[in-house]
Amino acid sequence: MLDFAKGDGLIPVVIQDDQTLEVLMLGYMNEEAWEKTQRERRVTFYSRSKNRLWTKGEESGHVLQVVSHHVDCDQDTLLIKVIPAGPTCHTGARSCFQTDYNQNFLLALERIVQHRYAYPSEESYVNRLREKGINKIAQKVGEEAVETVIAALAETEHDFINESSDLLFHLLVLVREKGLDLKTLAKNLESRHQ
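Residues numbered from 1 in each chain as written. Predicted model: local features only at pLDDT ≥ 70, side-chain atom pairs only at ≥ 80, totals over all residues. Heavy atoms only, no water.

- Looking at an unreviewed UniProt entry, one finds the protein chain named Histidine biosynthesis bifunctional protein HisIE, with Sphingobacterium griseoflavum as its source organism.
- A UniProt comment under Subcellular location (unreviewed entry) is attached to the protein chain, and it reads "Cytoplasm". (UniProt positions renumbered as here; feature names shortened; annotations may be inferred.)

Regarding the side chain of Asn 30
Thinking step 1. When you line up the elements, Asn 30 lands in the loop between strand 2 (23-29) and helix 1 (31-40).
Thinking step 2. In this structure the side chain of Asn 30 is engaged in a polar contact, spanning 3.2 Å, whose partner is the backbone nitrogen of Glu 32.
Thinking step 3. Ignoring anything within four residues of it in the chain, the contact list for Asn 30 reads Phe 4, Gly 9, Leu 10, Tyr 46 and Leu 53. (Helix = DSSP H or I, 4+ residues; strand = E, 2+ residues; numbered from the N terminus. Polar contact = N/O pair within 3.5 Å; in protein donor to acceptor, adjacent residues only side chain to side chain. Contact = heavy atoms within 4.5 Å.)

What to know about helix 5 (residues 157-177)
Thinking step 1. Along its 21 residues, helix 5 runs 30 Å from first to last C-alpha, staying within 8% of the 30 Å computed at 1.5 Å per residue.
Thinking step 2. Buried residues of helix 5: Glu 163, Ser 164, Phe 169, His 170, Leu 172, Val 173, Leu 174 and Val 175, and no others.
Thinking step 3. Against helix 2 (105-118), helix 3 (125-131), helix 4 (134-154) and helix 6 (182-193) lie the buried residues of helix 5.
Thinking step 4. The first or second residue beyond helix 5 is Gly 179, which carries a positive phi of 80°. (Expected span 1.5 Å × (residues − 1). Buried < 20%, exposed > 50% of the residue type's maximum accessible area, 1.4 Å probe, protein only.)

Thoughts on the environment of Arg 111
Thinking step 1. Along the polypeptide, Arg 111 turns up in helix 2.
Thinking step 2. Through-space distance from the C-alpha of Arg 111 to that of Pro 87 is 15 Å; in sequence the pair is 24 residues apart.
Thinking step 3. Look past the residues within four positions of Arg 111 in its chain and what remains in contact with it is Asp 17, Gln 19 and Pro 84.

Details of the pattern of salt bridges
Thinking step 1. This structure, assessed with the given rule, holds 7 salt bridges.
Thinking step 2. Asp 17 is the partner of Arg 111 in a salt bridge, and the nearest nitrogen-oxygen pair spans 2.6 Å. Of this pair, Arg 111 sits in helix 2 while Asp 17 sits in strand 1 (residues 11-17), and the two are 94 residues apart along the sequence.
Thinking step 3. Here Arg 111 falls in the partly exposed class, since its relative accessible area comes to 25%.
Thinking step 4. On the basis of relative accessibility, which here comes to 5%, the residue Asp 17 falls in the buried class.
Thinking step 5. The shortest N-O distance in the salt bridge between Arg 94 and Glu 22 comes to 2.9 Å. Of this pair, Arg 94 sits in the loop between strand 6 (78-84) and helix 2 while Glu 22 sits in the loop between strand 1 and strand 2; the two residues are 72 residues apart in sequence, bridging distant segments of the chain. (Salt bridge = Lys/Arg side-chain N within 4 Å of Asp/Glu carboxyl O.)

Let's talk about the environment of Leu 168
Thinking step 1. Checked against the element boundaries, Leu 168 lands in helix 5.
Thinking step 2. Classification of Leu 168 as partly exposed rests on a relative accessible area of 40%.
Thinking step 3. In sequence terms Leu 168 and Lys 81 are 87 residues apart; their C-alpha atoms lie 25 Å from each other.

Some words on the nonpolar core
Thinking step 1. Ranked by size, the top nonpolar core spans 19 residues in total, and within it Val 13, Ile 15, Met 29, Val 43, Leu 78 and Ile 80 carry the most contacts.
Thinking step 2. When contributions to this core are tallied by element, the ones reaching two or more residues are strand 1, strand 2, helix 1, strand 3 (44-47), strand 5 (64-71) and strand 6.
Thinking step 3. Apart from the residues within four sequence positions on either side, Val 13 is in contact with Met 25, Leu 26, Gly 27, Tyr 28, Met 29, Phe 45, Leu 78 and Ile 80.
Thinking step 4. Of all hydrophobic cores here, the second largest spans 11 residues; its members include Tyr 117, Val 126, Leu 129 and Phe 169. (Core = buried A, V, L, I, M, F, W, Y, C linked by side-chain atoms within 4.5 Å.)

So this is what it looks like as structure tokens:
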């Protein structure tokens, strides 16, 4: 149960990209905004400057689709994980905090691969690879793994970075082809670590 009384009817809400885990923005909700958010599965804030409910993206179309929500230990702050439909910041930036994006690019790349699967196009390398079937995708992972090993042992750091990047990309495609995702692998690695 959220405690709206502590903040004079408002609670802070941290918005995080469900895929990349990047913090996108901070807003505030009153009880009515929270109820609307739960009902519509799109983030609605209470705008302190407009003095009314405000659904993120109501004008731009850059809505925040709710994936999950998490209440803090004091029940007076929310973390909402979302799928953003475009930039989150009013400036047109991805995030209001201007954090480095490359730290989470593997997760963003996974989203791109998933999008290519959902909306195939002839120009897409992912689509062309997928059309060849799982055997070809697995073969590409094997080829890139061998090239990564060779680069690690006998080539430059630049070559190793390129080959490792190719390996990770093709592995992402194979993981998607198998109907899995990085979250599944991360959970497995976490359980094996314990």
